[in-house]
Amino acid sequence: MKQLFSIFLVFILILSLSACKGSEPAPLPEVEEAVEEDTIEEAEEPEIEEELEEEPEEEDVPEEDEVEEPIEEEVPDTTKGMVLETSKIDVSTLDNTASGWGFGGPRDEANRPTPALNAQEKYGKLGVDFIIPTEEKVIYLTFDEGYENGYTAQILDTLKEKDVKAVFFITKPYAESEPELVRRMIDEGHVVGNHSVHHPADGLPAHDIDYQTHEVMDLHDYVKENFDYDMCLFRYPAGMFSEQSLAVVQNCGYRSVFWSFAHSDWDPDNQPDPAASLTKLMDNLHPGAIYLLHAVSATNTQILGSFIDEAKNAGYTFGYYTDTL
């Protein structure tokens with residue numbers, strides 16, 4: 001019985017399986033998910049052409065110079081004088097005929113005295129100035145100091161007030177007797193020049209070469225020893241010179257300085273009228289002028305400030321002599 005019952009269960013199971021195969025269940029209806037499309041379409045952003053604003057062309061603006069610290073120019077120490085480099089000349093063969101130098105004579109279109117121009121051309125190679133060759137309206141003031149007559153301090157005061165430098169040609173007796181004035185000349189920036197030891201009235205050419213050399217170098221050495229100052233400009237006593245004496249002075253390391261203007265001012269007891277003298281000084285203005293004035297003159301002392309002012313008003317400047325060397 002158990003065996004028949006088992007067979008019956010197997011038969012029923014087979015029928016059930018067959019029925020399942022014949023009638024497959026209908027597929028479930030596909031549920032389409034309604035995918036709601038966004039009704040709001042993304043607005044296409046209009047292509048905005050970025051108008052590139054044209055940048056204004058940069059003007060060529062010059063670049064500002066870099067601010068540089070000003071370079072201080074080295075100011076030469078005028079309180080020590082100057083040493084000139086001069087070539088040595090054989091003086092033994094040179095003419096020693098004396099010539100006197102005065103002033104005056106005809107003038108060129110620039111009011112320059114032609115004798116000074118001619119002398120400059122003739123003797124210039126021997127280290128000498130009768131006039132400074134220039135077309136600039138510049139004047140060089142020089143004072144001769146053979147002895148002190150009480151006016152030099154006032155002259156220095158005026159020059160300081162007017163900011164003008166001059167050359168003071170001194171003798172050895174002057175340097176020995178007036179050291180304070182010489183020191184003041186140096187300290188205030190003026191040039192101290194050599195006017196010989198004894199100021200021989202007959203001039204250097206009347207003496208031999210050794211005497212001439214001592215007249216220059218004995219004073220030079222005295223000033224160097226007592227003032228620590230090197231002189232380099234020489235003025236001839238009485239304006240007397242020769243070709244040989246010019247060479248002697250050059251061999252001593254000096255430049256000879258004459259003048260292109262002077263007037264009768266050297267006699268303290270016979271002084272010219274101040275007004276007439278001022279007119280004469282103004283009438284003789286010329287480019288490159290070397291003015292010789294004597295410091296013993298009361299007239300020169302009185303009119304110096306007015307002359308400087310009027311000359312400046314006429315367009316002239318006052319030069320520093322060693323700038324010409």
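You'll find the structure just up there.
As a starting point, this report considers the structure included with it.

Points about the environment of Thr 299
Here's step 1: Looking at the element boundaries, Thr 299 is found in helix H9 (residues 298–313).
Here's step 2: Under the relative-accessibility criterion, Thr 299 is labelled buried at 4%.
Here's step 3: For Thr 299 and Pro 268, which are 31 residues apart along the polypeptide, the C-alpha to C-alpha distance reads 9.2 Å.
Here's step 4: Residue contacts for Thr 299: discarding those within four places in its chain leaves Gln 271, Pro 272, Asp 273, Pro 274 and Ser 277.

A word on the environment of Met 231
Here's step 1: Looking at where Met 231 falls in the secondary structure, it is placed in the loop between helix H6 (209–227) and strand S6 (233–234).
Here's step 2: For Met 231, a relative accessible area of 1% corresponds to the buried category.
Here's step 3: Expressed as a C-alpha distance, the spacing of Met 231 and Asn 194, which sit 37 residues apart in the sequence, is 6.6 Å.
Here's step 4: Excluding residues within four positions of it along the chain, Met 231 makes contact with Met 82, Val 192, Gly 193, Asn 194, Leu 219, His 220, Val 223 and Tyr 254.

Thoughts on the nonpolar core
Here's step 1: The biggest cluster of nonpolar side chains holds 76 residues, and the ones touching the most others in it are Leu 141, Phe 143, Leu 159 and Phe 307.
Here's step 2: Beyond its immediate stretch of four places on either side in the chain, Leu 159 contacts Leu 141, Phe 143, Val 164, Ala 166, Phe 168, His 190, Leu 304 and Ile 308.

Quick look at the packing of aromatic side chains
Here's step 1: For the structure shown, the criterion picks out 15 aromatic pairs.
Here's step 2: Judged by centre distance (5.2 Å) and plane angle (15°), the ring pair of Phe 143 and Phe 168 falls under stacked. Of this pair, Phe 143 sits in strand S3 (residues 138–145) while Phe 168 sits in strand S4 (residues 166–170), and the two are 25 residues apart along the sequence. Comparing Phe 143 with Phe 168, the two get one shared label, buried.
Here's step 3: Judged by centre distance (6.5 Å) and plane angle (85°), the ring pair of Phe 234 and Tyr 254 falls under edge-to-face. Placement of the pair is Phe 234 in strand S6 and Tyr 254 in the loop between helix H7 (243–251) and strand S8 (255–257), with a sequence separation of 20 residues.
Here's step 4: Among the residues examined, Phe 234 registers a relative accessible area of 0% and is labelled buried.

With respect to the pattern of salt bridges
It is possible for side chains of opposite charge to pair when their charged atoms get near one another.
Here's step 1: Applying the stated criterion to the full structure yields 11 salt bridges.
Here's step 2: Residue Asp 187 is joined to Arg 183 by a salt bridge in which the shortest nitrogen-to-oxygen separation is 3.2 Å. Of this pair, Asp 187 and Arg 183 both sit in helix H5 (residues 179–187), 4 residues apart, which is roughly one turn of that helix.
Here's step 3: Residues Asp 228 and Lys 224 are paired through a salt bridge, measuring 3.5 Å at the closest nitrogen-oxygen approach.
Here's step 4: Using a relative accessible area of 36% as the deciding quantity, one classes Asp 228 as partly exposed.
Here's step 5: The exposure class of Lys 224 is partly exposed, given its relative accessible area of 33%.
Here's step 6: Taken together, the shared-partner salt bridges in this structure form one network comprising Lys 80, Lys 224, Asp 228 and Asp 230.

Thoughts on the layout of surface pockets
Here's step 1: Considered as a void within the structure, the largest pocket measures approximately 440 Å³ in volume.
Here's step 2: What lines the largest pocket is a set of 25 residues, among which Asp 144, His 199, Ala 238, Trp 266 and His 294 lie closest to the centre.
Here's step 3: Going through the elements one at a time, S3 and strand S9 (289–294) are the ones with two or more residues in the lining of the largest pocket.
Here's step 4: Reported here for the second largest pocket is a volume of approximately 180 Å³.
Here's step 5: Lining the second largest pocket are 15 residues, with Thr 78, Gly 81, Met 82, Tyr 320 and Thr 322 sitting closest to its centre.
Here's step 6: Looking at side-chain class alone, the lining of the second largest pocket contains 9 nonpolar, 3 polar and 3 charged residues.

Some points on the packing of H6 against H7
For any two helices packed against each other, the geometry comes down to the angle between their axes and how far apart the axes lie.
Here's step 1: Where H6 meets H7, the closest approach of the two axes is 10 Å, and the angle between their N-to-C directions is 45°. Between H6 and H7, the interaxial angle falls into the category oblique. Seen from above, H6 lies across H7 with right-handed handedness. When H6 is examined against H7, the residues Ile 209, Gln 212, Thr 213 and Val 216 are found in contact with a partner set consisting of Gln 244, Ser 245, Val 248 and Val 249.
Here's step 2: Broken down by class, the residue content of the contact of H6 with H7 amounts to 4 nonpolar, 4 polar and no charged.

Overview of the pairing of S3
Here's step 1: Here S3 lies mainly inside the structure; 8 of its 8 residues are buried.
Here's step 2: Here S3 shows a buried face lined by Val 138, Tyr 140, Thr 142 and Asp 144 and a second buried face lined by Ile 139, Leu 141, Phe 143 and Glu 145.
Here's step 3: As paired strands, S3 and strand S10 (residues 317–318) are joined by 2 bridges and run parallel to one another. Looking across to S10, one finds that Val 138 is bridged to Thr 317.
Here's step 4: In this fold, S3 hands off to helix H3 (residues 152–162), which returns the chain to S4; that crossover is right-handed.

Focus: the side chain of Asn 251
Here's step 1: Mapped onto the elements, Asn 251 comes out in helix H7.
Here's step 2: Overall, Asn 251 belongs to the buried group, its relative accessible area being 18%.
Here's step 3: Polar contacts involving the side chain of Asn 251 include one to the main-chain amide nitrogen of Ile 89, which spans 2.8 Å.
Here's step 4: Those residues in contact with Asn 251, other than ones at most four positions away along the chain, are Ser 87, Lys 88, Ile 89 and Val 91.

Definitions and limits used
Residues numbered from 1 in each chain as written. Predicted model: local features only at pLDDT ≥ 70, side-chain atom pairs only at ≥ 80, totals over all residues. Heavy atoms only, no water. Helix = DSSP H or I, 4+ residues; strand = E, 2+ residues; numbered from the N terminus. Buried < 20%, exposed > 50% of the residue type's maximum accessible area, 1.4 Å probe, protein only. Contact = heavy atoms within 4.5 Å. Core = buried A, V, L, I, M, F, W, Y, C linked by side-chain atoms within 4.5 Å. Phe/Tyr/Trp six-rings, centres within 6.5 Å; stacked < 30°, edge-to-face > 60°. Salt bridge = Lys/Arg side-chain N within 4 Å of Asp/Glu carboxyl O. 1 Å grid on protein atoms, 1.4 Å probe; cavity = no way out; pocket = protein on both sides within 12 Å on 5 of 7 lines; lining within 4 Å. Points joined across faces, edges and corners; volume = space filled by probe spheres on them. Nonpolar A, V, L, I, M, F, W, Y, C, P; charged D, E, K, R; others polar. Axes fitted to C-alpha atoms, helices over the stretch in contact; angles between N-to-C directions. Parallel < 35°, antiparallel > 145°, perpendicular 65-115°, else oblique. Left-handed = near helix turned anticlockwise from the far one by under 90°. Pairing = 2+ DSSP bridges. Right-handed = clockwise from strand over helix to strand, strands pointing away. Polar contact = N/O pair within 3.5 Å; in protein donor to acceptor, adjacent residues only side chain to side chain.

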